[in-house]
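Residue strings, one per chain:
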Amino acid sequence: MLTRNNPRQFGLRRYRSRLRTFSGLPDLTALIDVLFLALIFFMLSSSFVQLSGIRVELPEVENPSSADIEKFVLSITVDPQKNCRMYFNDQPVNWEELKEKLAEVSQFSRTATIVLRASRDTPHEVTTRVWALAEKARLSVFVVVAPARSKPETSFGS
């Protein structure tokens, strides 16, 4: 008798599959390895600019940017008597010392970059004079740092 559901009539046999459905959780070891490698890669490839501890009231800007720079920070603050004070890497400097420091930076720096942190009350004459000194020292790139929205005292470039 020929039936449609009888595979033996055509010389065919049904074999049971050894495959079984897996009902457990997937193995996450490979995923965790890849995530740790990505974390290590981003930690090693990122650069942070640690800003000085001198309090400077920075002006607001629309879109602050960051760059890969070395740690040469020039901070300019204005006291209540309208006197400007300059700090190069947290050390107080006058105009002559600043000229020497900028010459050293231009000789030994690979990026020839300084970070200028000027208080919003800083006269334009002071910042222009700093820019002129930096130009004489062949420092062509300046990064003006804006305060972060959540932490107004620090700004990190990532």
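Rules of the game
Along each chain, the written sequence defines residue order, and numbers are assigned to residues from 1. Per-residue local features are limited, in this predicted model, to residues with pLDDT of at least 70; the limit for side-chain atom pairs, both in listing and counting, is 80 or more; totals at the level of whole chains, interfaces and linings are taken over all residues. To obtain the side-chain values, all non-hydrogen atoms of the structure were used and water was disregarded. For the purposes of this entry, the term helix denotes a DSSP run of H or I that reaches at least four residues, the term strand denotes a run of E that reaches at least two, and both are numbered from the N terminus. A 1.4 Å probe rolled over the protein chains alone gives each residue an accessible area, and that area as a share of the maximum for its type sets the label: buried under 20%, exposed over 50%, partly exposed in between. Residues are treated as being in contact if the distance between any of their heavy atoms lies within 4.5 Å. The predictor reports its confidence for every residue as pLDDT, a score running from 0 up to 100. The patches described consist of residues with a relative accessible area above 30% and no salt bridge, like charges being joined within 9 Å and nonpolar side chains (Val, Leu, Ile, Met, Phe, Trp, Tyr) within 5 Å. Method for areas: the Shrake-Rupley scheme with a 1.4 Å probe, in which residue coverage is limited to the protein chains shown. Salt bridge, as used here, is a side-chain nitrogen of Lys or Arg placed within 4 Å of a carboxyl oxygen of Asp or Glu. Two rings from Phe, Tyr or Trp (for Trp, the six-membered ring) form a pair when their centres are within 6.5 Å of each other. A pair whose planes differ by under 30 degrees is stacked, one over 60 is edge-to-face, and the rest are tilted. Comment: the charge-over-ring label is applied if NZ (Lys) or CZ (Arg) is within 6 Å of the ring centre and within 35 degrees of the ring normal. Take the residue count of a helix, subtract one, and multiply by 1.5 Å to get its expected span. Relevant arc is that of directions from the helix axis to the C-beta atoms, nothing else. In protein, a polar contact requires one atom able to donate a hydrogen and another able to accept it; more generally it is a pair of N or O atoms within 3.5 Å, and residues adjacent in sequence count only if both atoms are side-chain atoms. Counted as positive: Lys and Arg. Counted as negative: Asp and Glu. His and the chain ends are not counted at all. We put the charge of a Lys on NZ, of an Arg on CZ, of an Asp on CG and of a Glu on CD.

1. Some remarks on the side chain of Ser119
Phase 1: As for its placement among the helices and strands, Ser119 is situated in the loop between strand 4 (113-118) and helix 3 (124-136).
Phase 2: For Ser119, a relative accessible area of 9% puts it in the buried group.
Phase 3: Beyond its immediate sequence surroundings of up to four residues, Ser119 is in contact with Val56, Glu57, Ile76, Thr77 and Val78.

2. Structural notes on the confidence of the model for the chain
Close inspection of predicted coordinates is inappropriate for parts of the model with low pLDDT.
Phase 1: When pLDDT is averaged along the chain, the result is 76; 70% of the residues meet or exceed 70.
Phase 2: At the level of individual helices and strands, the chain shows its lowest average pLDDT in strand 5 (residues 141-144), which scores 56, and its highest in helix 1 (residues 29-45), which scores 92.
Phase 3: Long-range and interchain partners of residues 151-155, a stretch whose pLDDT sits below 50, account for 10 contacts in this model, where long-range means more than four residues apart.

3. Quick notes on a nonpolar patch on the surface
Phase 1: Nonpolar side chains collect at one region of the surface, where Leu28, Leu31, Ile32, Leu35, Phe36, Leu39 and Met43 lie side by side and expose about 710 Å² of accessible area between them.
Phase 2: Looking at where Ile32 falls in the secondary structure, it is placed in helix 1.
Phase 3: By relative accessible area, which is 41% here, Ile32 ends up partly exposed.

4. Digging into the packing of aromatic side chains
Phase 1: Within the structure shown, the criterion is met by 2 aromatic pairs.
Phase 2: With a centroid separation of 5.3 Å and 65 degrees between ring planes, the pair formed by Phe41 and Phe42 is classed as edge-to-face.
Phase 3: In this structure Phe41 comes out as exposed when scored by relative accessible area, which is 52%.
Phase 4: Judged by centre distance (6.5 Å) and plane angle (20 degrees), the rings of Phe72 and Phe88 are stacked. Residue Phe72 is located in the loop between helix 1 and strand 1 (73-78), and its partner Phe88 is located in strand 2 (residues 84-88); the two are separated by 16 residues in the primary sequence. Both residues of the pair, Phe72 and Phe88, count as buried.
Phase 5: For the cation-ring pair, Arg129 lies above Trp95, with the distance from its terminal atom to the ring centre recorded as 4.0 Å.

5. A closer look at helix 2 (residues 95-108)
Phase 1: For helix 2, with 14 residues, the first-to-last C-alpha span of 20 Å sits near the 20 Å given by 1.5 Å per residue.
Phase 2: Taken as a whole, helix 2 has its buried residues at Leu98, Leu102 and Val105. Buried residues of helix 2 fall within an arc of 60 degrees about the axis and therefore sit on the same side. Exposed side of helix 2, more than 90 degrees from the buried face: Glu96, Glu100, Gln107 and Phe108 are the residues found there.
Phase 3: Residues of helix 2 that are buried in the fold lie against strand 1, strand 2, strand 3 (91-93), strand 4 and helix 3.
Phase 4: Backbone nitrogen of Glu96 and a side-chain oxygen of the N-cap are separated by 3.2 Å at the start of helix 2; the cap is Asn94.

6. A word on unusual backbone geometry
Phase 1: A positive phi is found at Lys82, a non-glycine position, where the angle reads about 65 degrees.
Phase 2: Inspection of the secondary structure assignment puts Lys82 in the loop between strand 1 and strand 2.
Phase 3: Even without a glycine there, the phi angle at Asn89 is positive, about 50 degrees.
Phase 4: With respect to the helices and strands, the residue Asn89 is situated in the loop between strand 2 and strand 3.
Phase 5: Its relative accessible area of 32% is what places Asn89 among the partly exposed residues.

7. Here's the deal with a negative patch on the surface
Phase 1: A cluster of like negative charges, contributed by Glu96, Glu97, Glu100 and Glu104, occupies part of the molecular surface.
Phase 2: Along the chain, Glu104 falls in helix 2.

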